[in-house]
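Okay, here's what each chain looks like letter by letter:
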Amino acid sequence: MATSSGPGSKVAVIGLGGLGHMAVKQAAAMGAEVTVLSTSDRKKADAERMGAKHFLINSDKAAMKAAGESFDLIINTVSATHEIASHVQLLAKDGTMVMLGLTTEGLPVYAMGLLWRRRAVAGSLIGGIRETQEMLDFCAEHGLACDIEVIAPDQINEAYARLEKSDVRYRFVLDMARI
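Small disclaimer: the values here were computed from a predicted structure and weren't measured. (Residues numbered from 1 in each chain as written. Predicted model: local features only at pLDDT ≥ 70, side-chain atom pairs only at ≥ 80, totals over all residues. Heavy atoms only, no water.)

Caption draft 1: View of the nonpolar core. In this structure, Val11, Val13, Leu16, Val24, Val34 and Val36 are the most contacted members of the largest nonpolar core, which totals 17 residues. The set of elements that each furnish at least two residues to this core consists of β1 (10-14), α1 (20-29), β2 (33-38), α2 (44-50) and β4 (71-76). With three residues, α1 is the largest single contributor of residues to this core. Excluding residues within four positions of it along the chain, Val36 makes contact with Val13, Leu16, Val24, Ala47, Ala52, His54, Phe55 and Leu56. If you look at the next biggest cluster of nonpolar residues, it comprises 16 residues, including Ile14, Phe71, Ile74 and Met99. (Core = buried A, V, L, I, M, F, W, Y, C linked by side-chain atoms within 4.5 Å. Buried < 20%, exposed > 50% of the residue type's maximum accessible area, 1.4 Å probe, protein only. Helix = DSSP H or I, 4+ residues; strand = E, 2+ residues; numbered from the N terminus. Contact = heavy atoms within 4.5 Å.)

Caption draft 2: Layout of the layout of surface pockets. In this model, the second largest pocket occupies a volume close to 150 Å³. Asn58, Ser59, Lys61, Met64, Lys65, Ser86, Gln89 and Leu90 are the residues that line the second largest pocket. Ranked by residue count, the leading element in the lining of the second largest pocket is helix α3 (residues 61-66), at three residues. (1 Å grid on protein atoms, 1.4 Å probe; cavity = no way out; pocket = protein on both sides within 12 Å on 5 of 7 lines; lining within 4 Å. Points joined across faces, edges and corners; volume = space filled by probe spheres on them.)

Caption draft 3: Seen up close, the side chain of Lys43. Secondary-structure assignment places Lys43 in the loop between β2 and α2. Of the side chains with opposite charge, Asp46 lies nearest to the buried Lys43, which makes no salt bridge, at 6.9 Å. Once you skip the residues sitting within four places of it in the chain, Lys43 turns out to touch Leu16, Gly17, Phe55, Ser166, Val168, Arg169 and Tyr170. (Lys, Arg positive; Asp, Glu negative; His and termini not counted. Salt bridge = Lys/Arg side-chain N within 4 Å of Asp/Glu carboxyl O.)

From the geometry alone we can't say anything about function, so treat these as descriptive.
This is how it looks when you write it as structure tokens:
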């Protein structure tokens, strides 16, 4: 299974949020050609600044078809029920989609889309201590950090309302010194 994201690989990231923005930064730092898949182009400039070479609107049927069988790895960070069968068609032969977002409902995947091109759908919740340390070391070595918004404790309700509207760039950090 093709699950690496090094030089010469093509990686797509579905969802440019708190997790997805770090996936873009890390895959680009590893030398992959990165594409962000999103529902709108409102974060396109951010994606490019983070290292994405391409930006694909997943409702654009022509663009999705043109991108078919392109990606060695798709990192799916969406934590909501969403359609993934068309995204599986974007995987190249032996490609893998790794599900990182938590969903509460099943997501249909059709066997034919997997079998004919030896594609895989996998999942991961978190690595162990060794993997986490490797990731932190890699980020430190490449100067990668989360894009954050520091908020005061009295802004929690506003932050929660923005979170529900996907209006976070890209993580909230609570300023404990202001308690």
